[in-house]
Structures are given as C-alpha cells and as structure tokens.
Amino acid sequence: MSRPHGLRHTTYRRLVNEYNRVLGNLAALPRRRLWPGMQRAYEHQFLNRIVRIRRQLGLPTPEPPTRRWYRTGQAALFLGVSTKSVLRWTASGFLVCERADYSTHRYYAVEELLRVRRLLKT
C-alpha cells in the first residue's frame, strides 16, 4: 500500500496498524463463544471500522448491494458509521427516514444515504 497524498507518515502507519489489528480481531471472532446477537454486533462494529479506515487510507470501499430502502443497521454499514450515529443524525434532522404504518422500524432511502455520504467525504 502506498501512502495517500496529504496523509502524514505517522498517521498512515497508525491507520495501517489499526487496520491489521481490526482484521485480526474479526478473524478471531468466530472462535469466541458469544450470543448470536453479540456476534453480529461485533461483526458490524469491526466491519464499519474497517470501512472507515479504508476510506481514510484512500482505498476503495465495498459497495453495498443496490437497494431502494435500508434499515438502520444496513444504513450504518452503507455509511461506514455506527448505528448510534445514524439514529443521532435522524433525531437531529441531518438524516431523514421514513416509517411504515406507525412502526418502530426506520427506513432510509438510498438517495438520502448517498447525499449524506457525499457530505461526509467533504
């Protein structure tokens, strides 16, 4: 991997080390005995962190499958942030969601997520 322009050498080293550490934690996760919900939560946490590090290093990030609507966890993975950030942004009005029939489930339009992702990159 070559260092992106404008990124200091020490920052680059720190990000590469953290990237390798998170990949190791993700690989070690199946060997641990966890409740299925906790297992998924850790996987999402590690995958979101990997996406954020790759974005900072200027590496390509995986594109999610094309959909029109995303639930909260899927939207968080799409944006590379935590679900708490998505809920916080929704409460503040920065991110707009739709609800179906007075349900507690939030649905985010792909256009809205793309708008927020463009704002996050700048």
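Residues numbered from 1 in each chain as written. Predicted model: local features only at pLDDT ≥ 70, side-chain atom pairs only at ≥ 80, totals over all residues. Heavy atoms only, no water.

Q: I would appreciate a short explanation of a nonpolar patch on the surface in the present structure.
A: A surface patch of nonpolar side chains, amounting to about 220 Å² of accessible area, comprises Phe94, Leu119 and Leu120. Residue position: phenylalanine 94 is located in the loop between helix H4 (83-92) and strand E2 (98-99). (Patch = residues over 30% accessible without salt bridge, like charges linked within 9 Å, V, L, I, M, F, W, Y side chains within 5 Å. Areas by Shrake-Rupley, 256 points an atom, 1.4 Å probe, with all protein chains shown as cover. Salt bridge = Lys/Arg side-chain N within 4 Å of Asp/Glu carboxyl O. Helix = DSSP H or I, 4+ residues; strand = E, 2+ residues; numbered from the N terminus.)

Q: Can you walk me through the sheet that holds strand E3 (residues 106-109) in this structure?
A: Adjacent strands of a sheet form backbone hydrogen bonds with each other and so pair up, either parallel or antiparallel. Taken in spatial order, the three strands make up an open sheet running E1-E3-E2, and their pairing is antiparallel. Two strands in the sheet have a free side with no partner beyond their single neighbour: strand E1 (69-70) and E2. As paired elements, E2 and E3 share two bridges and run antiparallel to each other. Bridging across to E3, arginine 99 finds its partner in arginine 106. (Pairing = 2+ DSSP bridges.)

Q: Sorry if this is basic, but what is going on with the environment of serine 2 here?
A: With respect to the secondary-structure elements, serine 2 resides in the segment before helix H1 (9-28). Expressed as a C-alpha distance, the spacing of serine 2 and tyrosine 107, which sit 105 residues apart in the sequence, is 38 Å.

Q: Help me out: how do you make sense of the packing of H1 against helix H2 (residues 36-56) in this one?
A: To characterise two packed helices, one gives the angle between the axes of the helices and the distance between these axes. Where H1 contacts H2, the two axes come as close as 10 Å, and the packing angle between them is 155 degrees. One finds that H1 runs roughly antiparallel with respect to H2. The crossing of H1 and H2 is left-handed. Contacts from Leu15, Glu18, Tyr19, Val22, Leu23, Asn25 and Leu26 in H1 reach Glu43, Phe46, Leu47, Arg49, Ile50, Ile53, Arg54 and Gln56 in H2. Residues of the contact of H1 with H2, tallied by class, amount to nine nonpolar, two polar and four charged. (Axes fitted to C-alpha atoms, helices over the stretch in contact; angles between N-to-C directions. Parallel < 35°, antiparallel > 145°, perpendicular 65-115°, else oblique. Left-handed = near helix turned anticlockwise from the far one by under 90°. Contact = heavy atoms within 4.5 Å. Nonpolar A, V, L, I, M, F, W, Y, C, P; charged D, E, K, R; others polar.)

Q: I keep staring at the packing of helix H3 (residues 72-79) against H4 and nothing clicks. Help me out?
A: For the pair H3 and H4, interaxial distance at closest approach is 8 Å and the crossing angle is 105 degrees. For the element pair H3 / H4, the angle class is roughly perpendicular. On H4, the residues that touch Thr72, Gly73, Ala75, Ala76 and Leu79 of H3 are Thr83, Val86, Leu87 and Trp89. Each residue belonging to the contact of H3 with H4 can be placed in one class, and the counts come to six nonpolar, three polar and no charged.

Q: So what exactly am I meant to see when it comes to the packing of aromatic side chains here?
A: What characterises a pair of aromatic rings is the spacing of the ring centres plus the angle enclosed by the ring planes. Enumeration according to the criterion identifies three aromatic pairs in this entry. With 5.3 Å between their ring centres and 45 degrees between their planes, tyrosine 70 and phenylalanine 78 make a pair best called tilted. Side by side, tyrosine 70 and phenylalanine 78 carry an identical accessibility label, which is buried. An angle of 75 degrees between the planes, with centres 5.5 Å apart, marks the rings of tryptophan 89 and phenylalanine 94 as edge-to-face. Tryptophan 89 sits in the buried class, given a relative accessible area of 18%. It is arginine 115 that lies over the ring of phenylalanine 94; its NZ or CZ is 5.8 Å from the centre. In this structure, arginine 117 is placed above the aromatic ring of phenylalanine 78, and the distance from its NZ or CZ to the ring centre is 4.5 Å. (Phe/Tyr/Trp six-rings, centres within 6.5 Å; stacked < 30°, edge-to-face > 60°. Buried < 20%, exposed > 50% of the residue type's maximum accessible area, 1.4 Å probe, protein only. Lys NZ or Arg CZ within 6 Å of the ring centre and 35° of its normal.)

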